[in-house]
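Structural overview for review
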Amino acid sequence: MPIIRRLPETLVNRIAAGEVVERPAAALKELVENAIDAGATRIAIKLVEGGLGSLEVTDDGCGMTPDEMALALERHATSKLPDEAIEQVATLGFRGEALPSIASVSRFTLESRPRASEQAWRKVVDHGAIVADEPAALPPGTRVRVEQVFAKVPARRKFLRTPRSEYAACLDVVRRLAMARPDIGFTLEHGERRILALQPDEAIADRVAQVVARELKDNGVAIELERPGEAGPIRLSGIAGLPTYNRGIADHQYLFVNGRPVKDRLLTGAVRGAYADMLARDRHAVLALFLDLPPEDVDVNVHPAKTEVRFRDANAVRGFIVSGLRQALASEDRRSAQTPDRGAMARWTSEPAQKETMRDEPSPALASIFGGRDWSAPSRSVAEAGAPWRASENDTIAAPFGRAEEAAPIAEEDRDFPLGVARGQVANTYIVAEAKDGLVLVDQHAAHERLVLERLRAAGAEDAVSRSQALLMPDVVELDETACDRLEDAADGLARYGLVIERFGPSAMLVRAVPHSLKQGDPEKLLRDIDDDLVKHGEALLLGEKIDLVLATMACHGSVRAGRVMRVDEMNALLREMERTPRSGQCNHGRPTWVKLALKDVEALFGRH
């Protein structure tokens, strides 16, 4: 019969490494977290071949004595839990498994020097065996070098990805930790290139903009909210991108709980819920959110890599994030993404296309502007080298692609309109307006679509669309027992949207009513999709999105179409209503309804800057 035995220390460390060190990025995360917990003000990271060749982390933290270094290489030895109150842990690491786990599957060099000591010390561990224990030269702080990851564990080594993929994972780790601690300076070098150089003591918005995208600062809203709680206040801070500033994947959402980078489905579900009626289903917000709450209200000890957390009152946390995000976006919901697209700016031409025809006389339109000038053809004897200037009557009197009103000074009372005063229409689709600080282009269909949707909501159309349609014969939908448990817990919330369900035995749900707008749908497919939504986000967002889709379709069909000729007074009325309407900066699919070309950008096009 099988004999139970105690595993040797080297094998125990190797098993732990399977949980903690799945790839170089995981080892890098543990080492940088240790540097942060050591009180470092500057952290330097060097990578070779994406961490597959080597990775090195140097900090100016408190350092360790030789005895402390030896203890740090033992399992479950840590300085981060002074007592047994693990629920009060405030550091990023606390298990004491990282260093021995990493050292068991790599060539691991640890050098350290306390601030009060004149001598540094070095320990080298080669896949679990100590091969060097000697003095070293090092300024106060700690340096850790990891080489030959999984070199003696080929079964694990072959599962590592290419250097490019591993580098991308390492870069993501550094970005998240750098955003979590804007008070610490970070440098990242990959081979001979310096990738990041972040100074300490930066504002959160500045640090996030440097790490994520510089244009986020101009296309986002700052968040700073606080709510009292039983054990202490809950705070939400950070920066959230405008709905028009979005991405096709959710990788640009950075979430932090008590300074710890996390990937939590409750938080991602809350973000999706906050942006639900402002983004298309396949688009994702760009943001960095920092949630701070009392340690006893969150359990960080639920995942070996500490990337997931569990909240004591998950519904309260989710509600706080959704309402906080919506409140912040509501203060700026008439804005659109403001940064001019560089590709579009580059397509502006600096001179008209030349034609082969050439006329001796100007067109009447040009003559009215340039009257008094001799327009006779120049003598060929004095012609200069290069293509001559050519003017064609077709260029000036052909059927116009756009319409403009007669130019007139802007009235004093109209100067402060954010979207300016309409000056014309281009391609019967875009309104051209003149604002005090630039040129505004408005997509008339997208803008009116948003206005109609908000009118429908204000008139109670959402309630009408989600009104229940009772089924003559209730449908029985067979599902897994766990799926039925999730749907039963969410039944009250689903009823608000008109979907009435109840438990029908251990592995079935009874559908008694569906939303009026979805009465032609398949109840079984609907319940399965909602259950998938519950598994992924912890909240049934799908049904609300389907209701929003119906309203959006109604708004689309009831709005001004592209190609319709509008009078100037109609254009101005549309602009004024956009300035009064919530979320008018983006259409129902998250695209911008208007863009602005600042005067400085116009001047740059003509070389006047």
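Above this text sits the structure in question.
Residues numbered from 1 in each chain as written. Predicted model: local features only at pLDDT ≥ 70, side-chain atom pairs only at ≥ 80, totals over all residues. Heavy atoms only, no water.

1. Some remarks on the overall build of the protein chain
Basically, it comes down to this: Strands here are runs of E lasting at least two residues and helices are runs of H or I lasting at least four, both read from the DSSP assignment and numbered beginning at the N terminus. When a residue's accessible area, from a 1.4 Å probe over protein chains only, is under 20% of the maximum for its type it is buried; when over 50% it is exposed; and in between it is partly exposed. Two residues qualify as a contact provided that any one of their heavy atoms is within 4.5 Å of a heavy atom in the partner residue. Accessible surface area values rest on a Shrake-Rupley calculation with a 1.4 Å probe, where residue burial reflects the displayed protein chains alone.
What the protein chain contains, in helices and strands, is 20 helices and 25 strands. Classification of the 609 residues of the protein chain by burial places 44% in the buried group. For the protein chain, long-range pairs separated by at least 24 residues make up 69% of all intrachain contacts whose partners lie at least 6 apart in sequence. Surface summary for the protein chain: the accessible area is close to 32300 Å², and the carbon and sulfur share equals 52%.

2. Here's the deal with the packing of helix α2 (residues 24-37) against helix α6 (residues 163-180)
Rules: Structural elements are reduced to axes, namely lines fitted to C-alpha atoms, with helices fitted over the stretch in contact, and the angle between N-to-C directions of any two is expressed from 0 to 180 degrees. Any angle that is under 35 degrees is reported as roughly parallel, and any over 145 degrees as roughly antiparallel; angles of 65 to 115 degrees are reported as roughly perpendicular and all others as oblique. Crossings are sorted by hand: turned counterclockwise from the far helix by less than a right angle, the near helix makes the crossing left-handed, and turned clockwise it makes it right-handed. Residues are grouped as follows: Ala, Val, Leu, Ile, Met, Phe, Trp, Tyr, Cys and Pro are nonpolar; Asp, Glu, Lys and Arg are charged; all remaining types, including Gly, are polar.
Contact geometry for α2 and α6: axes closest at 9 Å, N-to-C directions at 25°. Considering their axes alone, α2 and α6 lie roughly parallel with respect to each other. Here the hand of the crossing between α2 and α6 comes out right-handed. Note on element contacts: α6 touches α2 through E166, A169, C170, V173, V174 and L177, opposite P24, A25, L28, K29, V32, E33 and I36. Across the contact of α2 with α6, the residue classes break down as 10 nonpolar, no polar and three charged.

3. Description of the sheet that holds strand β15 (residues 287-292)
Rules: By definition, two strands form a pair when at least two bridges between them are found by DSSP.
Spatially, five strands are ordered β9-β10-β15-β12-β13 in an open sheet, and the strand pairing comes out mixed. Both edges of this open sheet fall to β9 (220-227) and β13 (260-262), since each of them pairs with a single strand only. Looking at each pair of strands side by side, their axes are set apart by 15° on average, direction ignored. Across three bridges, strand β12 (residues 253-257) lies against β13 in antiparallel orientation. Its bridge partner being in β13, F256 is matched across the sheet by P261.

4. Focus on the packing of α6 against helix α7 (residues 204-211)
Following both chains from N to C, one finds α6 and α7 inclined at 170°, their axes separated by 9 Å at the closest point. Between α6 and α7, the angle falls in the class roughly antiparallel. Facing R175, A178 and M179 of α6, the residues of α7 in contact are R207, V208 and V211. Residues belonging to the contact of α6 with α7 are distributed by class as follows: four nonpolar, no polar and two charged.

5. Examining the pattern of salt bridges
To keep things clear, this is the line we draw: Within this document, salt bridges are pairs made up of a side-chain nitrogen of Lys or Arg and a carboxyl oxygen of Asp or Glu, the two lying within 4 Å of each other.
What the rule picks out here adds up to 31 salt bridges. Here R576 ties to E579 by a salt bridge, and the two come within 2.9 Å at their closest N and O atoms. Here R576 and its partner E579 are both found in helix α19 (residues 568-580), three residues apart, which amounts to about one turn of the helix. As far as the burial class goes, R576 and E579 line up, both buried. As a salt-bridge pair, K600 and D601 come within 3.7 Å of each other at their nearest N and O atoms. The exposure class of K600 is exposed, given its relative accessible area of 58%.

6. With respect to a nonpolar patch on the surface
To keep things clear, this is the line we draw: Each patch groups residues whose relative accessible area exceeds 30% and which form no salt bridge, using 9 Å between like charges and 5 Å between nonpolar side chains of Val, Leu, Ile, Met, Phe, Trp and Tyr.
A contiguous nonpolar surface patch, about 200 Å² in accessible area, is contributed by L439, L441 and V595. When you line up the elements, L439 lands in strand β21 (residues 438-443).

7. Here we look at the packing of aromatic side chains
How two aromatic rings sit relative to each other is set out by the distance from centre to centre and by the angle between their planes. Test applied: Under the pairing criterion, centres of Phe, Tyr and Trp rings, with the six-membered ring standing for Trp, must be within 6.5 Å; the plane angle then separates stacked pairs below 30 degrees from edge-to-face pairs above 60, leaving the rest tilted.
Under the counting rule described, the total for this entry stands at one aromatic pair. Taken together, a centroid distance of 4.6 Å and an interplanar angle of 5° make the contact between F256 and F290 stacked. Residue F256 is found in strand β12, and its partner F290 is found in strand β15; the two are separated by 34 residues along the sequence. Residue F256 shares its accessibility class with F290, and that shared class is buried.

8. Thoughts on the side chain of E577
Relative to the helices and strands, E577 resides in helix α19. Excluding residues that lie within four positions of it along the chain, E577 makes contacts with L451 and R455.

9. Let's talk about the side chain of R450
Here is the rule: In protein, a polar contact requires one atom able to donate a hydrogen and another able to accept it; more generally it is a pair of N or O atoms within 3.5 Å, and residues adjacent in sequence count only if both atoms are side-chain atoms.
Tracing the backbone through its elements, the reader meets R450 in helix α13 (residues 444-458). At 3.0 Å, the side chain of R450 and the backbone oxygen of Q586 are in polar contact. Here the side chain of R450 touches C587 through a polar contact of 3.3 Å, landing on its backbone oxygen. Residues contacting R450, with those up to four places away along its chain left out, are D277, M278, R457, P582, R583, S584, Q586, C587 and N588.

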